[in-house]
Amino acid sequence: MVDVMAVAARAAAAAAAARDVPGLVQGLRSNRASEQAMAAAQLVNMCHHLPASKAAVLAAGGALVQLLHSRDNNVLGAACAALAVLALCDPPSQAAIAAAGGIPLLTSLLLHSSDADVVAGAACALGRLTLQHTINAAAVVATECIPRLLQLLRDSSGADLQKQVILLLMSLVATLGSCAADIVAGGGIPLLVQRLQSSEL
């Protein structure tokens, strides 16, 4: 039997969260990196604890994507986390984030950032943006990022980074099988087997 009171409580909480979103969007657009990172982190928590609020948070998607231009690693990490939460199993969010320019900015972080946490965050967001979304997967593969992903598996010692890279590769192959040939050609199979057998993952 449906718990009417529980449903009503969740709806009220989601409505209250939606009213909070405009203030958080203002935080995303602040000139202060600390305020930007805090607002992005609050949006992540909102989506985690109130899944029904995702529709309201998606309205902040463009502002979140703009944070990917930041030079502050805390801001970049928080923005990647927020985009990853929005994109998870949500085709409208995947499409909206891509339309706002998220994929080239995230792949740029993946290819060029020297901060392991930022790279892991970008890989996580890209993995969720590409899962079962052929257009997004093709856009990521077109950046020729697969050699970089394989290099990260070879050189990185961070368990979280390696995990996110593997999940991104798996998402790309599951969604766009043709990229498997690039992974095989780059020596990816033994690398993936070795990493998947690691107790750290």
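Details of the structure are given in the entry above.
Parameters and conventions
- Residues numbered from 1 in each chain as written.
- Predicted model: local features only at pLDDT ≥ 70, side-chain atom pairs only at ≥ 80, totals over all residues.
- Heavy atoms only, no water.
- Helix = DSSP H or I, 4+ residues; strand = E, 2+ residues; numbered from the N terminus.
- Contact = heavy atoms within 4.5 Å.
- Areas by Shrake-Rupley, 256 points an atom, 1.4 Å probe, with all protein chains shown as cover.
- Core = buried A, V, L, I, M, F, W, Y, C linked by side-chain atoms within 4.5 Å.
- Buried < 20%, exposed > 50% of the residue type's maximum accessible area, 1.4 Å probe, protein only.
- 1 Å grid on protein atoms, 1.4 Å probe; cavity = no way out; pocket = protein on both sides within 12 Å on 5 of 7 lines; lining within 4 Å.
- Points joined across faces, edges and corners; volume = space filled by probe spheres on them.
- Nonpolar A, V, L, I, M, F, W, Y, C, P; charged D, E, K, R; others polar.
- Axes fitted to C-alpha atoms, helices over the stretch in contact; angles between N-to-C directions.
- Parallel < 35°, antiparallel > 145°, perpendicular 65-115°, else oblique.
- Left-handed = near helix turned anticlockwise from the far one by under 90°.
- Patch = residues over 30% accessible without salt bridge, like charges linked within 9 Å, V, L, I, M, F, W, Y side chains within 5 Å.
- Salt bridge = Lys/Arg side-chain N within 4 Å of Asp/Glu carboxyl O.
- Polar contact = N/O pair within 3.5 Å; in protein donor to acceptor, adjacent residues only side chain to side chain.

Draft legend 1. Spotlight on the overall build of the protein chain. Scanning the protein chain for helices and strands turns up 13 helices and 0 strands. In the protein chain, the succession of helices and strands from N to C terminus is α-α-α-α-α-α-α-α-α-α-α-α-α. When contacts within the protein chain are restricted to residue pairs at least 6 apart in sequence, those whose partners lie at least 24 apart make up 66%. As presented, the protein chain carries roughly 10100 Å² of accessible surface, and 59% of it is formed by carbon and sulfur atoms.

Draft legend 2. Spatial organisation of the nonpolar core. With 64 residues, the main nonpolar core has Leu28, Leu64 and Leu110 as its most contacted residues. At 11 residues, the largest contribution of residues to this core is made by helix α5 (residues 73-87). Once residues lying within four places of it in the same chain are set aside, the contact partners of Leu64 are Leu28, Ala40, Leu43, Ala79, Ala82, Leu83 and Leu86.

Draft legend 3. Region of interest: the layout of surface pockets. Of the voids in this model, the largest pocket is the one considered here, and its volume is about 170 Å³. Looking at the lining of the largest pocket, the elements that each hand over two or more residues are α8 (116-130) and α11 (159-175). Broken down by element, the residue count for the lining of the largest pocket peaks at 4 residues, all from α11. Per-class residue counts for the lining of the largest pocket are 5 nonpolar, 3 polar and 1 charged.

Draft legend 4. Region of interest: the environment of Gly127. Relative to the elements of secondary structure, Gly127 occurs in helix α8. On a C-alpha basis, the gap between Gly127 and Leu172 in space is 7.4 Å, while along the polypeptide they are 45 residues apart. Apart from residues lying up to four places away in sequence, Gly127 is in contact with Leu168 and Ser171.

Draft legend 5. Up close: the environment of Leu126. Examined against the element boundaries, Leu126 turns out to sit in helix α8. For the pair formed by Leu126 and Ser171, sequence separation is 45 residues and the distance between their alpha carbons is 8.9 Å. With sequence-adjacent residues up to four places away left out, Leu126 is seen in contact with Ile103, Leu106, Thr107, Leu110, Val140 and Leu168.

Draft legend 6. Highlighting the packing of α8 against α11. Two numbers describe how α8 lies on α11: the axes approach to 8 Å, and their chain directions differ by 25°. Taken as axis vectors, α8 and α11 run roughly parallel relative to one another. Viewed along their axes, α8 and α11 form a crossing whose handedness is left-handed. Each of Ala116, Val119, Ala120, Ala123, Cys124, Leu126, Gly127 and Thr130 in α8 lies in contact with α11, whose residues at this interface are Asp160, Leu161, Gln164, Val165, Leu168, Ser171, Leu172 and Thr175. Looking at the contact of α8 with α11 residue by residue, the class counts come to 10 nonpolar, 5 polar and 1 charged.

Draft legend 7. Broad picture of a nonpolar patch on the surface. A contiguous nonpolar patch, built from Val184, Ile189 and Val193 and spanning about 250 Å² of accessible area, is present on the exposed surface. By secondary structure assignment, the location of Ile189 is in helix α13 (residues 188-196). Note on Ile189: relative accessible area 45%, which makes it partly exposed.

Draft legend 8. Up close: the side chain of Ser70. Relative to the helices and strands, Ser70 is located in the loop between α4 (61-66) and α5. Within polar-contact distance, the side chain of Ser70 engages the backbone nitrogen of Asp72 at 2.9 Å. Not counting the four nearest positions on each side in its chain, Ser70 is found in contact with Val75 and Leu76.

Draft legend 9. Main features of unusual backbone geometry. With a phi close to 50°, Cys89 is a non-glycine residue in the positive phi region. The residue Cys89 is located in the loop between α5 and α6 (91-99) in this model. Even without glycine at this site, Glu144 takes up a positive phi of about 60°. Turning to its location among the elements, Glu144 is positioned in the loop between α9 (134-141) and α10 (146-155).

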